[in-house]
Amino acid sequence: MRTVNKKTTVVVLWVALTLIMFTPATLAYPPDNAAVLYYKAFLLYERNEQMERRLGDLAKGRIGLDETITSYVEKNRNIINIAIDASQTENCDWGINYSEGMNLLIPHLSKMRILARLVITDAKILADQGDYEGALNRCASVLKMGQHVSDGILVEYLVGISLRDLANNCIQSILGNMRPDLETLNWLKSKLLETELDPLAVKAAIITDAESCMADLGLEKKDELLRLLEDGCSASSVPEYISERLKNADEAFFAINTDYWRNLVSEQTAAFDLPYPQGHARLKELSEIPSKAAPENPDATLAVVLTPAVQNLCSVDVRIKTFSNAIRAAVDIYTIKTKTGRLPEALPPNSPLDLFSGRDFEYEKSVDGFILRCRGKDLKEDKIHKYEFKVKR
């Protein structure tokens, strides 16, 4: 719905970069808008899909470092440096007009994934060479890149938190292989706290995403909406009555359906403020209401096809934030180990919480380190998450 082909992407990037760069601040480096540097990196980077897949496999732990990957990273050293410079710039404005609704172009998301994987791979190379401080610096850059992606709409939010997850996994690995020192741990703690002070907000993304679509709904968009439904769904997945109602829709139909959807979004976002188990249950209930109501209530028609599975978004949001909390709690544990020479017997006071349960993590020493285990279940994945941290001997 919001994708563009390669040729259009290149044109959009050139136009966006040109418009952004022709400002009085262009003589300063780095510029006061990180998007300028990210767009520059996008334009200079030469795609290599095979290597990009390998970097993805490396990030997921499916393969290890090798000479081909190391050479590829070195070839893209300039790109990585530009991305790091961008991550150190506070402001990032992509120049996106969210009022474009269904025609909105967001060409930067896939490219930010590529940049982030390049930077994380460089972190892994540095860690392999024993430069743990440099490696953690790269991870901190990716955390900031995730924030720069923005949470304007849901697809941006999801890419943003995926970069945060990427950085967290790398930090977890580095902490387990380095011999921690207090200066590095205190620096890392401050960087992690910066991310917590400016989190990506799923509620805001849901609201903006919905409002962007709502502003674009109307009689003149009827044929386009029908085409999107046909292209995005199998013939059997959309009830025939929905297609018939859309074909016969008038302005009043769109107005009433928009009001119904807006009220539903309001109830959904309110449920995100509940503790996870209750919020997930409420969101699941709300997500099922339109499909149950729509056969008899035409007002719910558009909500059936345009409302995402928000209970899954809730679980993803809590999972990523809980992992971040586990990383922060682990840094405190490593700090105690560094100061005292041994692991603590219990979690430090006021440790970050397991957001699945709203309680402290279950802390357990292991043969080669320690484990932080959630006390509440991830209802989307039907599992209890645990985070294993090694301690360098």
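Cut-off values and rules
Residues numbered from 1 in each chain as written. Predicted model: local features only at pLDDT ≥ 70, side-chain atom pairs only at ≥ 80, totals over all residues. Heavy atoms only, no water. pLDDT = per-residue confidence, 0-100. Contact = heavy atoms within 4.5 Å. Helix = DSSP H or I, 4+ residues; strand = E, 2+ residues; numbered from the N terminus. Buried < 20%, exposed > 50% of the residue type's maximum accessible area, 1.4 Å probe, protein only. Axes fitted to C-alpha atoms, helices over the stretch in contact; angles between N-to-C directions. Parallel < 35°, antiparallel > 145°, perpendicular 65-115°, else oblique. Nonpolar A, V, L, I, M, F, W, Y, C, P; charged D, E, K, R; others polar. Pairing = 2+ DSSP bridges. 1 Å grid on protein atoms, 1.4 Å probe; cavity = no way out; pocket = protein on both sides within 12 Å on 5 of 7 lines; lining within 4 Å. Points joined across faces, edges and corners; volume = space filled by probe spheres on them. Phe/Tyr/Trp six-rings, centres within 6.5 Å; stacked < 30°, edge-to-face > 60°. Expected span 1.5 Å × (residues − 1).

## What to know about the confidence of the model for the chain
So, point 1. Per-chain confidence: the chain averages 88 in pLDDT, with 90% of residues scoring 70 or above.
So, point 2. Ignoring residues within four places in sequence, the model shows residues 1-6, a span with pLDDT below 50, making 13 contacts including any to other chains.

## Things to note about unusual backbone geometry
So, point 1. Within the chain, Asn350 stands out as a residue other than glycine whose phi angle is a positive 60°.
So, point 2. With respect to the secondary-structure elements, Asn350 resides in the loop between helix 16 (310-340) and strand 1 (353-354).
So, point 3. The class for Asn350 is exposed, based on a relative accessible area of 81%.
So, point 4. Phi at Asp382 takes a positive value of approximately 55°, unusual for a residue other than glycine.
So, point 5. Position of Asp382 relative to the elements: it lies in the loop between strand 4 (369-373) and strand 5 (386-390).

## Some words on the packing of helix 7 (residues 132-149) against helix 9 (residues 182-197)
So, point 1. Closest axis-to-axis distance for the helix 7/helix 9 pair is 10 Å, and the angle between their directions is 5°. With respect to their mutual orientation, helix 7 and helix 9 come out roughly parallel. Contacts between helix 7 and helix 9 involve Leu136, Asn137, Ala140, Leu143 and Gln147 from the former and Thr184, Trp187, Leu188, Lys191, Leu192, Glu194 and Thr195 from the latter.
So, point 2. Here the contact of helix 7 with helix 9 is composed, by residue class, of six nonpolar, four polar and two charged.

## Thoughts on the sheet that holds strand 4
So, point 1. The antiparallel open sheet is built from three strands, whose spatial order is 3-4-5. Of all strands in the sheet, those with a lone pairing partner are strand 3 (362-366) and strand 5, marking the two edges. Averaged over all pairs of adjacent strands, the angle between their axes in this sheet comes to 20°, without regard to strand direction.
So, point 2. Judged from the five bridges that link them, strand 3 and strand 4 form a sheet pairing that is antiparallel. Bridge pairing in strand 4 places Lys365 opposite Phe370.

## With respect to the layout of surface pockets
So, point 1. Roughly 860 Å³ of internal volume is contained in the largest pocket.
So, point 2. Around the largest pocket sit 29 residues that line it, and Ala59, Asp165, Leu166, Asn169 and Phe323 are the ones nearest its centre.
So, point 3. For the lining of the largest pocket, the elements supplying multiple residues, two or more each, are helix 3 (49-59), helix 6 (109-128), helix 8 (154-177), helix 16 and strand 5.
So, point 4. Class assignment of the residues belonging to the lining of the largest pocket gives a composition of 13 nonpolar, six polar and ten charged.

## Considerations on the pairing of strand 5
So, point 1. Going residue by residue along strand 5, you find Tyr387 and Phe389 tucked away on one face and Lys386, Glu388 and Lys390 left uncovered on the opposite face.
So, point 2. Of the pairings in the sheet, the one linking strand 4 to strand 5 comprises five bridges and is antiparallel in character. Each residue of the ladder has a partner; that of Leu372, found in strand 5, is Tyr387.

## Some words on the environment of Asp299
So, point 1. As for its position among the elements, Asp299 is in the loop between helix 14 (276-293) and helix 15 (301-306).
So, point 2. Spatially, the C-alpha atoms of Asp299 and Thr258 are 8.3 Å apart, while their sequence positions differ by 41 residues.
So, point 3. Apart from the residues within four sequence positions on either side, Asp299 is in contact with Ile256, Asn257 and Tyr260.

## Here we look at empty space enclosed by the protein
So, point 1. Applying the stated rule across the entire model yields two cavities of 30 Å³ or more.
So, point 2. Roughly 40 Å³ of internal volume is contained in the largest cavity.
So, point 3. Taken together, Leu143, Arg164, Asn168, Leu192, Thr195, Glu196, Ser324 and Arg328 form the lining of the largest cavity.
So, point 4. Of the residues contributing to the lining of the largest cavity, the split by class is two nonpolar, three polar and three charged.
So, point 5. Of the voids in this model, the second largest cavity is the one considered here, and its volume is about 30 Å³.
So, point 6. If you trace the second largest cavity, you find it lined by Leu143, Gly146, Gln147, Arg164, Thr195, Asp198, Pro199 and Leu200.

## Some remarks on the packing of aromatic side chains
Here the distance between the centres and the angle between the planes together describe a pair of aromatic rings.
So, point 1. For the coordinates displayed, the defined rule picks out twelve aromatic pairs.
So, point 2. Aromatic pair Phe42 and Trp94: ring centres 6.2 Å apart, planes at 5°, arrangement stacked. With Phe42 in helix 2 (residues 34-44) and Trp94 in the loop between helix 5 (77-87) and helix 6, this pair connects stretches of sequence that are 52 residues apart. Pair check on accessibility: Phe42 and Trp94 agree, each one buried.
So, point 3. Site record: aromatic cluster; members linked through ring pairs are Tyr38, Tyr39, Phe42 and Trp94.

## Side note on helix 7
So, point 1. Here helix 7 contains 18 residues, and its C-alpha end-to-end distance of 26 Å stays within 8% of the 26 Å for a straight helix at 1.5 Å per residue.
So, point 2. A large share of helix 7 lies buried, amounting to 15 of its 18 residues.

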